[in-house]
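Listed below are the residues making up each chain.
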Amino acid sequence: MSDHQNAPLEHLKARTEHILQMGGPARVARQHAQGKWTARERLDYLLDDGTFEEIGAHVRLRGTLFGMDRADSPADGVVTGHGRIRDRLVYVFAQDFTVLGGSLGEMHAAKIQRVQDLAMKTGAPIIGLNDSGGARIQEGVDALNGYGEIFKRNTWASGVIPQITVIMGPSAGGAVYSPALTDIIVMVRHSGRMFITGPQVIKSVTGETVSAEELGGADAQIRKSGVAHLAADSDAAALDLVRTLLGYLPNNWREEPPVGTSDDPLDRVETVLAEVMPVEPSRPYDVKTIITAVLDRGSFFELQEGFAKNLVTGLGRVGGHVVGVVANQPRVLAGTLDINASDKLARFVRFCDAFNIPVVTLVDTPGYLPGTSQEYGGIIRHGAKVLYAYAEATVPKVTLILRKAYGGAYLAMCSRSVGADLVLAWPTAEIAVMGPDGAANIIFRDDIEQSPEPAETRRQKAEEYRQEFASPYVAAARGYIDAVIDPRQTRPHLARALMALANKREARPGKRHGNLPL
Ligand code: HXC
């Protein structure tokens, strides 16, 4: 090649090198010193080797920034493009804190919008890696407009393609709302932080003193607020979670989730399931023992583990096919449904329904949690979401009643009447308007009051009620339960139920959209 022919390539090389340097060695070193990778390092790790194709590497901000003589913004602080995860196409964007603090200006936002549009048009999941000081202050309303355009696309993409966010640095102010509009948020402990107003603003407005980590770190957003779904100790561990999660999700709403291979026999009989239920009906046990015994070995992937622990939600596989599992957890608050558990349940069921994931519901709940804080907090409004989500969902729904299924919570936990396709029950199931003790107190009040031994009479009457009225055979006799099964045979029965429903198609009345109680 002559010198003349070489010039354009040299020019490209110089430009590319400059872009690849992003914020420069000093800022990259600072990022590393904080235990954080740069955007490109993160994408390198996340995507299959050599599959990343960058879009818009040469984009930079327009003009100079207010208050800054010279503003250099390689890639305008966000690396965008597409690549593959286990050979499946994904669109990605990764904000780079080394360039203007990963702040979002007009062009930075336009790059994110571009991959959002392409992901929607091609029906591919989108993964956003967030590490940003928020709206680029010097770009004013252009930055705000950029966020608005992103929020709009997040909303349009909702239920069309899986949207996954990883919070790997600051995410402050309105910037948290793009993540909040996505399906799943993963946070890196000690570096990922989400809040609407930071510690300084809180101090000046309310006088409260709180550190950034306490306020918006992974623990706060997982355990207290339920905003985030998963947490990891490092960038690498968080990105590993994303790769695993994607293995459970389809590319888009028209497709089925990927079918895995499983050498776990579908007819596996589990003797542990005959022993898990305590003899004493009010004794707790860990419902996760049942979940893990029934699903393909090692396939349970719990979501929102730290939030509303009285309800368990997660993805798993039966015979390689993905299912969503919802289960009351008798170990926490006796498995009652409260406001947080209702929100957690409803959002998970809608997520499964959006992405063709059958829902398996394991029921053992004495009911909605009583109390003024629940009533004033709107348990009616939040509890209604559970009914709405189950009744609205058209994916296959299999319910297994393990023990208590009382009152409104019996209905709410995907009863036949709100839309379960098949309902199974263990012989220990108790289905009634209320628990046997409460029921005995009301319907046998005279017998109890007139008895020389009221406590003993109450106990006897409650037991009588449990045997005669709350037994699963009463519900089964009326067809509300399709089969009473041997607990040891739960996996084979569940597998057959799911296979029998695999081709389920169901329509709902036409409408603009429903009005989910919020
Ligand atoms: C422009 C920003 C920036 C921003 C950080 N930088 N945030 N530049 N706009 N929003 C720049 C800094 O000036 C600095 O540049 C570099 O990025 C690194 O930032 P540091 O402050 O040195 O980093 P650190 O000490 O780690 O602190 C990180 C931080 C802090 C906590 C995120 O930068 C911060 O508080 N930033 C402002 C956060 C904020 O209030 N954003 C607006 C939120 S409101 P130099 O050149 O010095 O290295 C919002 C509205 C959205 O987002 C509305 C949507 C509806």
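Residues numbered from 1 in each chain as written. Predicted model: local features only at pLDDT ≥ 70, side-chain atom pairs only at ≥ 80, totals over all residues. Heavy atoms only, no water.

### With respect to the pattern of salt bridges
Should the charged atoms of two oppositely charged side chains come close, the side chains can pair. Test applied: By salt bridge we mean one thing: a side-chain nitrogen of Lys or Arg within 4 Å of a carboxyl oxygen of Asp or Glu. Counting from the N terminus, the helices are the DSSP runs of H or I reaching at least four residues and the strands are the DSSP runs of E reaching at least two. Categorising residues by exposure relies on relative accessible area from a 1.4 Å probe, with only protein chains included: less than 20% of the type maximum marks a residue as buried, more than 50% marks it as exposed, and the intermediate range marks it as partly exposed.
Going through the model one piece at a time under the given rule, you end up with 35 salt bridges. Note that Glu305 and Lys288 form a salt bridge whose closest N and O atoms lie 3.8 Å from each other. You can see Glu305 sitting in the loop between β10 (301-303) and β11 (311-318) and its partner Lys288 sitting in helix α12 (residues 287-294), a full 17 residues away along the chain. When its relative accessible area of 46% is taken as the criterion, Glu305 is described as partly exposed. Residue classification places Lys288 among the partly exposed residues on the basis of a relative accessible area of 23%.

### What to know about the side chain of Ser171
Stated precisely, the cut-off is as follows: We call two residues contacting when some pair of their heavy atoms lies within 4.5 Å.
Mapped onto the fold, Ser171 is located in strand β6 (residues 170-172). If we skip the residues at most four places from it in the chain, Ser171 touches Ser132, Val176, Pro179, Arg193, Met194 and Phe195.

### Comments concerning a nonpolar patch on the surface
Convention followed: The patches described consist of residues with a relative accessible area above 30% and no salt bridge, like charges being joined within 9 Å and nonpolar side chains (Val, Leu, Ile, Met, Phe, Trp, Tyr) within 5 Å. Each accessible area is a Shrake-Rupley estimate made with a 1.4 Å probe; only the visible protein chains count as cover when residues are assessed.
Together, Val433, Met434, Ile442 and Ile443 give the surface a local cluster of nonpolar side chains, amounting to about 390 Å² of exposed area. For Val433, the position within the fold is in the loop between β16 (430-432) and α17 (436-443). Taking relative accessible area as the criterion, Val433 reaches 68% and is therefore assigned exposed.

### Describing the site of the ligand
For the record, the criterion: One heavy atom within 4 Å of a molecule or strand makes the whole residue count as near it. Pairs of N or O atoms within 3.5 Å make up the polar contacts considered here, provided that, within protein, one atom can donate a hydrogen while the other can accept it, and that residues adjacent in sequence are counted only when both atoms are side-chain atoms.
As a structural note, the neighbourhood of the ligand is formed by 18 residues, with Arg27, Gly101, Gly133, Ala135 and Ile137 the closest of them. Within the side chain of Arg27, one N or O atom sits 2.7 Å away from an oxygen atom of the ligand. A distance of 3.1 Å separates an oxygen atom of the ligand from a polar atom in the backbone of Gly101. In the complex, 55% of the free accessible area of the ligand, which totals 1,000 Å², lies under the protein chains. For the shell around the ligand, the secondary structure elements donating two or more residues are α2 (25-33), α5 (140-157) and β6. In terms of residue count, the dominant contributor to the shell around the ligand is α5 (3 residues).

### Some details on the layout of surface pockets
Our working rule: Two kinds of site are reported from a 1 Å grid over the protein atoms alone, namely cavities, where a 1.4 Å probe fits but cannot get out, and pockets, open sets with protein on both sides within 12 Å along at least five of seven lines, and residues are called lining when an atom falls within 4 Å of a point. Grid points are joined across faces, edges and corners, and a volume is the space filled by probe spheres set on the points. By the convention adopted, Pro, Cys, Tyr, Trp, Phe, Met, Ile, Leu, Val and Ala count as nonpolar, Lys, Arg, Asp and Glu as charged, and the other residues, Gly among them, as polar.
Size it by volume and the largest pocket reaches roughly 1,600 Å³. As for the largest pocket, its lining consists of 50 residues, of which Ser158, Arg347, Arg350, Phe351 and Leu516 are closest to the centre. When residues of the lining of the largest pocket are traced back to their parent elements, those giving at least two are α5, α6 (177-180), β7 (184-188), β8 (193-195), α13 (339-354) and α15 (379-392). No other element matches α13, which puts 10 residues into the lining of the largest pocket. Class assignment for the residues of the lining of the largest pocket results in 23 nonpolar, 16 polar and 11 charged. Those elements giving two or more residues to the lining of the second largest pocket turn out to be β12 (321-328) and α21 (490-501). Of the residues assigned to the lining of the second largest pocket, the class counts are 15 nonpolar, 6 polar and 6 charged.

### Regarding unusual backbone geometry
In this structure, Arg86 is a non-glycine residue whose phi angle is positive, near 45°. Structurally, Arg86 is set in the loop between β2 (78-85) and β3 (88-95). Arg86 gets classed as exposed once you look at its relative accessible area, which sits at 52%. Even without a glycine there, the phi angle at Gln304 is positive, about 55°.

### A look at the sheet that holds strand β9 (residues 230-232)
Heads up, the condition is: Only strands joined by at least two bridges in the DSSP assignment are considered to pair.
Sheet architecture is open: 7 strands sit in the order β1-β2-β3-β4-β5-β7-β9, paired in mixed fashion. Edge positions in the sheet fall to β1 (53-54) and β9, since each has one partner strand and no second. Sheet analysis places strand β4 (residues 126-130) next to strand β5 (residues 163-167), joined by 5 bridges and oriented parallel. Residue pairing in the sheet places Leu129 in a bridge with Val166 of β5.

### Topic: the environment of Ala238
For Ala238, the position within the fold is in helix α10 (residues 235-246). In sequence terms Ala238 and Val188 are 50 residues apart; their C-alpha atoms lie 6.2 Å from each other. The contact partners of Ala238, leaving out residues within four places of it in the chain, are Val166, Val186, Val188 and Ala232.

### Overview of empty space enclosed by the protein
With the rule as written, the count across this model stands at 4 cavities of 30 Å³ or more. By volume, the largest cavity is sized at about 90 Å³. Lining the largest cavity are Phe93, Gln95, Leu104, Ile112, Asn130, Ser132, Tyr147, Ile150, Pro170, Ser171, Ala175 and Ser178. Mapped by element, the contributors of at least two residues to the lining of the largest cavity are β3, α5 and β6. The residue inventory of the lining of the largest cavity, partitioned by class, reads 7 nonpolar, 5 polar and no charged. Each pocket or cavity is described by its volume, and for the second largest cavity that value is around 70 Å³. Lining of the second largest cavity is provided by Phe93, Gln116, Ile126, Gly128, Asn130, Asn154, Gln163, Ile164, Thr165, Ser178, Pro179 and Thr182. Contributions of two or more residues to the lining of the second largest cavity are made by β4, β5 and α6. Classifying every residue of the lining of the second largest cavity by side-chain character gives 4 nonpolar, 8 polar and no charged.

Geometric descriptors of this kind do not, in isolation, establish any biological role.
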